[in-house]
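# Results of the structural survey
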Amino acid sequence: MIGRRKFLVTTSTALPAGATVLGGGQTAQASVDPSKPPLNVRVASVSGNTVTLTWTPPANNNFWWIYIYDNDAKEFIIDAGKSGATLKRLRSGTTHTFTAIYGEFTDDPKHPGPNFNVSAPSAPVQVTLRANSDTRPPAVPGHVRSEPQGDGSSFLTTWDPSTDDVTPQARIQYDVVNWTGFTQFYGATSGTTDWGPAGVRAVDEAGNRSAVG
């Protein structure tokens, strides 16, 4: 769980593709704030089809989040106090271009006007992963259920195991994708608690991803 504040962002600002919805619960207008410098994203390491990125976190990280994009698609969300992230089981045989933005949410119901500011996108960094003969994704996890819990602010997500034609069932990875469309957890187990309703996808060892169930 990365936080307890929830928000919905709608914007026409020139952000990476898919950057319009960053949260849920309240409505705000997003705009690029020139006082927020882009993150200096670098590739720290590559191991198989796992890539670790690093950056210098923003000086003020109170209620800020970092959103990582892979080839302009939503990939991972992490709180902005972190200085890096490991992206697990990316698709093999693909050149991945990573960018990141960070944003601040001002939770002030008395002033509901424009209150969500984001940085400009970072300069892109690229990694090309070796090809793999396995290109078929695993089956969508079955019976995915995301149930609200008694605390009123969290959800318990459960699912049935997936299958794959190459990767043994015990080695299939499950990613929890929250309602923003970003991955919240890699390598999750059934019974994961998150701060909003979530879906689940299965990922084989070649990085082929099922649809989100």
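The preceding data block contains the structure.
Heads up: these notes are all about the structure in this document.

### Focus on the overall build of the protein
Counting its regular elements, the protein contains zero helices and 16 strands. Partitioning the contacts of the protein with sequence separation of at least 6, the portion at a separation of at least 24 is 62%.

### Observations concerning the pattern of salt bridges
Across all of its chains, the model carries four salt bridges by this definition. Of the charged contacts, one joins Glu 75 and Arg 209 as a salt bridge, the two residues approaching to 2.9 Å between their closest N and O atoms. In this pair, Glu 75 sits in strand S6 (residues 73–79) while Arg 209 sits in the segment after strand S16 (198–203), placing the two residues 134 residues apart along the sequence. Residue classification places Glu 75 among the buried residues on the basis of a relative accessible area of 2%. Overall, the relative accessible area of 26% leaves Arg 209 in the partly exposed class. Here Asp 175 ties to Arg 201 by a salt bridge, and the two come within 3.1 Å at their closest N and O atoms.

### Description of the sheet that holds strand S12 (residues 155–160)
Spatially, three strands are ordered S11-S12-S15 in an open sheet, and the strand pairing comes out antiparallel. Lying at the two open borders of the sheet, with one neighbouring strand each, are strand S11 (142–148) and strand S15 (192–194). Going from strand to strand, the sheet's axes swing by 25° on average, the running direction of each strand aside. For S11 and S12, the ladder comprises five bridges, and the chain directions are antiparallel. In the strand pairing of S12, Ser 146 is matched with Thr 157.

### Here's the deal with the environment of His 143
Note on placement: His 143 falls in strand S11. Along the backbone, His 143 and Gly 213 are 70 residues apart, and their C-alpha atoms lie at a distance of 7.9 Å. Apart from residues no more than four positions distant in its own chain, His 143 is found in contact with Thr 158, Trp 159 and Asp 160. Separated by 2.7 Å, the side chains of His 143 and Asp 160 make a polar contact.

### Here's the deal with the side chain of Gln 173
With respect to the secondary-structure elements, Gln 173 resides in strand S13 (residues 173–178). Side chain to side chain, Gln 173 and Asp 175 meet in a polar contact 2.7 Å long. Excluding its chain neighbours within four sequence positions, the residues that come into contact with Gln 173 are Lys 88, Arg 89, Tyr 186, Gly 187, Arg 201, Ala 202 and Val 203.

### Details of the side chain of Asp 204
Locating Asp 204 in the fold gives a position in the segment after S16. One buried charge, Asp 204, has no salt-bridge partner; the nearest side chain with opposite charge is Arg 89, at 6.2 Å. In this structure the side chain of Asp 204 is engaged in a polar contact, spanning 2.9 Å, whose partner is the backbone nitrogen of Asn 208. Those residues in contact with Asp 204, other than ones at most four positions away along the chain, are Arg 89, Asp 134, Arg 136, Pro 137, Pro 138, Asp 164 and Thr 167.

Conventions we followed
Residues numbered from 1 in each chain as written. Predicted model: local features only at pLDDT ≥ 70, side-chain atom pairs only at ≥ 80, totals over all residues. Heavy atoms only, no water. Helix = DSSP H or I, 4+ residues; strand = E, 2+ residues; numbered from the N terminus. Contact = heavy atoms within 4.5 Å. Salt bridge = Lys/Arg side-chain N within 4 Å of Asp/Glu carboxyl O. Buried < 20%, exposed > 50% of the residue type's maximum accessible area, 1.4 Å probe, protein only. Pairing = 2+ DSSP bridges. Axes fitted to C-alpha atoms, helices over the stretch in contact; angles between N-to-C directions. Polar contact = N/O pair within 3.5 Å; in protein donor to acceptor, adjacent residues only side chain to side chain. Lys, Arg positive; Asp, Glu negative; His and termini not counted.

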